[in-house]
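# Secondary and tertiary structure notes
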Amino acid sequence: MEFTASQVAEILNGSIEGNAEIKVSKLSKIEEGETGSITFLANPQYTQYIYNTQASVVIVNRNFVPASPIKETCTLIRVDDPYKAFSKLLGAYSQLKRNKKGIEAGSYIAASALIGKDVYVGATAYIGENAIIGDNVKIYPQVYVGDNVIIKAGTTLFPGVKIYSDCHIGSECEIHSGVIIGADGFGFTPNAENNYEKVPQIGNVIIEDHVEIGANTCIDRATLGSTIIRKGVKLDNLIQIAHNVEIGENTVIAAQAGIAGSVKIGKNCMLGGQTGYKGHITLSDNVKVGAQAGVGVDLKEGEIVMGSPSFPIGDFRRSHVLFRTLPKLNDKIKNLTQEIEALKKELHNKI
């Protein structure tokens, strides 16, 4: 799909410098620009590329002043913030690419399911009994939507997503390939024969609005009640969230984190990759956890921790400095020990 520079400028509330009718049909990095592409300049380190880029349109800051002439074939669109403007453009481009509608052959929709307007259901997708699918929902091929599932308007389920029965998904969510929502929590109890008996997991998962869940992340259903992911949460790929966990609004969690059962995480937290969390602890609002930390205790509001087991970041940094000097300290101790032994012998000989 092609757009003129003037159409793009209108979307971004920008001003044009150059050919307003030049057409673009793809996005590119400034150093890899080619004819028919649009790019942006936000980082001063990339300024050198604007003078030789083959891109047809470049989004720049309103106060950008070229140090030398820019190619006549390159049109500038001046905006207040090039990075935000290009991000907006990426979003619009992504929406256009995903603008699918209709029910493809080979999909299955139960007769009792309710399907909204302008919904897309890809081939081999399955929608179970009494499911409710809101307007403009996009369900890609090989997606499984179980019985009694609710998916609100504007949400996208990418190929291979599995939503078990009774789970609720909010509006404008993006759930990427391989995500499993509502599988059983890890609930077992030993019996008299020293075997493990399964504890039935009869709760569900609730995902609120504007949540994004990365590929192959698993969110287990609650034993009783609900596992809850609040509004605006962003989850990376390959995250495990156990039964009855609750994650507060606008919290972000990086890849390979593992969160044990019944953990409560507050709002606006930032949790690093490969971090682990003991069951039944509470992380208050605005907590930050460094990569690979192991958290086994409650964390207070605004606390920043690292390490395994985790402790305050200031102490961690000081400890890390000491840790790096341990070989030298060990050599010093050996030398001092040898000197002490030599002094003892000398003293003994004098006595």
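Here the structure is a predicted model, which means the values were calculated and not measured. Within every chain, residues take consecutive numbers counted from 1 along the sequence as written. Totals for whole chains, interfaces and linings use all residues, but because this is a predicted model, local features are given only for residues with pLDDT of at least 70 and pairs of side-chain atoms are given and counted only at 80 or more. Heavy atoms from the whole structure form the basis of all side-chain values; hydrogens and water molecules are not counted.

Once that is clear, we can look at the packing of aromatic side chains. Only Phe, Tyr and Trp rings take part, Trp by its six-membered ring, and two of them pair if their centres are within 6.5 Å. Stacked means planes under 30 degrees apart, edge-to-face means over 60, and tilted covers everything else. Across all of its chains, the model carries eight aromatic pairs by this definition. Between tyrosine 120 and tyrosine 140 the ring centres are 5.4 Å apart and the planes differ by 75 degrees, which places this aromatic pair in the edge-to-face class. With a gap of 20 residues between them, tyrosine 120 in strand S11 (residues 120-121) and tyrosine 140 in the loop between strand S14 (138-139) and strand S15 (144-145) connect regions that are remote in the sequence. Here tyrosine 120 matches tyrosine 140 in class, with each residue buried. Judged by centre distance (5.4 Å) and plane angle (25 degrees), the ring pair of tyrosine 140 and phenylalanine 158 falls under stacked. Taken together, the residues tyrosine 140 in the loop between S14 and S15 and phenylalanine 158 in the loop between strand S17 (156-157) and strand S18 (162-163) connect sequence positions 18 residues apart. Owing to a relative accessible area of 12%, phenylalanine 158 belongs among the buried residues under this scheme. Put simply, the rings of Phe40, Tyr83 and Phe86 touch in pairs and so form one group of aromatic residues. Numbering of helices and strands runs from the N terminus, with a helix taken as a DSSP run of H or I at least four residues long and a strand as a DSSP run of E at least two residues long. Whether a residue is buried, partly exposed or exposed follows from its accessible area with a 1.4 Å probe, protein chains only, as a fraction of its type maximum: under 20%, in between, or over 50%, in that order.

The next thing to look at is the packing of helix H1 (residues 5-12) against helix H2 (residues 82-97). The axes used here are C-alpha line fits, helices contributing only the stretch in contact, and every angle between their N-to-C directions lies in the interval 0 to 180 degrees. Two elements in contact, H1 and H2, have axes whose closest approach is 10 Å; the angle formed by their N-to-C orientations is 110 degrees. For the element pair H1 / H2, the angle class is roughly perpendicular. Between H1 and H2, the residues in contact are Val8, Ile11 and Leu12 and Ala85, Lys88 and Leu89, respectively. Just so you know the grouping, Ala, Val, Leu, Ile, Met, Phe, Trp, Tyr, Cys and Pro go in nonpolar, Asp, Glu, Lys and Arg go in charged, and all remaining residues, Gly too, go in polar. For the contact of H1 with H2, the class distribution of residues is five nonpolar, no polar and one charged. Note that the term roughly parallel is reserved for angles under 35 degrees, roughly antiparallel for angles over 145, roughly perpendicular for angles of 65 to 115, and oblique for everything else. Contact criterion: two residues are considered in contact whenever any of their non-hydrogen atoms come within 4.5 Å of each other.

Bringing the nonpolar core into the picture now. The biggest cluster of nonpolar side chains holds 50 residues, and the ones touching the most others in it are Val145, Ile181, Ile207, Ile247, Leu283 and Val289. By nonpolar core we mean a set of buried residues, namely Ala, Val, Leu, Ile, Met, Phe, Trp, Tyr and Cys, connected to one another through side-chain atoms within 4.5 Å. One finds Leu12, Ile38, Val57 and Phe86 within the second-largest nonpolar core, a separate group that totals 14 residues.

Right, let's talk about a nonpolar patch on the surface for a bit. Residues Tyr108, Tyr126 and Tyr144 make up a contiguous nonpolar surface patch of about 270 Å² in total accessible area. Relative to the elements of secondary structure, tyrosine 144 occurs in strand S15. Surface patches are drawn from residues lacking salt bridges whose relative accessible area is over 30%; two like charges belong together within 9 Å, two nonpolar side chains (Val, Leu, Ile, Met, Phe, Trp, Tyr) within 5 Å. Only the protein chains shown count as cover for residues, and all accessible areas are computed by the Shrake-Rupley method using a 1.4 Å probe. Counted as salt bridges are all cases of a side-chain nitrogen of Lys or Arg within 4 Å of a carboxyl oxygen of Asp or Glu.

Moving on: the pattern of salt bridges. Counted under the stated rule, the structure contains 10 salt bridges. In this structure, the salt-bridge partner of glutamate 208 is arginine 230, at a minimum N-O distance of 2.7 Å. Note that glutamate 208 is positioned in the loop between strand S24 (204-207) and strand S25 (212-213) and arginine 230 in the loop between strand S27 (226-229) and strand S28 (234-235), a separation of 22 residues in sequence. Among the residues examined, glutamate 208 registers a relative accessible area of 22% and is labelled partly exposed. Here the residues in one salt-bridge network are Glu208, Arg230 and Glu246, joined through shared partners.

Next up on the list: the sheet that holds strand S33 (residues 264-265). In a beta sheet, neighbouring strands are held together by backbone hydrogen bonds and run either parallel or antiparallel to one another. Ordered in space as S10-S13-S16-S19-S24-S27-S30-S33-S36, the nine strands form an open sheet in which the pairing is parallel. Only two strands of the sheet have a single partner each, and these edge strands are strand S10 (114-115) and strand S36 (282-283). By definition, two strands form a pair when at least two bridges between them are found by DSSP. Relative to strand S16 (residues 150-151), strand S13 (residues 132-133) is paired through two bridges, and the arrangement is parallel. For isoleucine 132, the partnering residue across the bridge sits in S16 and is isoleucine 150.

What follows is about H2. In this analysis, the expected span of each helix is defined as 1.5 Å times one less than the number of residues it contains. Between its terminal C-alpha atoms H2 stretches 22 Å, which fits the 22 Å expected from 16 residues at 1.5 Å a residue. Taken together, the buried positions of H2 are occupied by Pro82, Ala85, Phe86 and Leu89. Angularly, the buried residues of H2 cover 95 degrees about the axis, an arc narrow enough to put them on a single face. Of the exposed residues in H2, the ones pointing more than 90 degrees away from its buried face are Tyr83, Lys84 and Gln95. By definition, the arc is the one covered by directions from the helix axis to the C-beta atoms.

Below, the discussion takes up the environment of lysine 117. Residue position: lysine 117 is located in the loop between S10 and S11. Through-space distance from the C-alpha of lysine 117 to that of glycine 134 is 7.3 Å; in sequence the pair is 17 residues apart. Setting aside residues no more than four positions away along its own chain, lysine 117 makes contact with Asp135 and Asn136.

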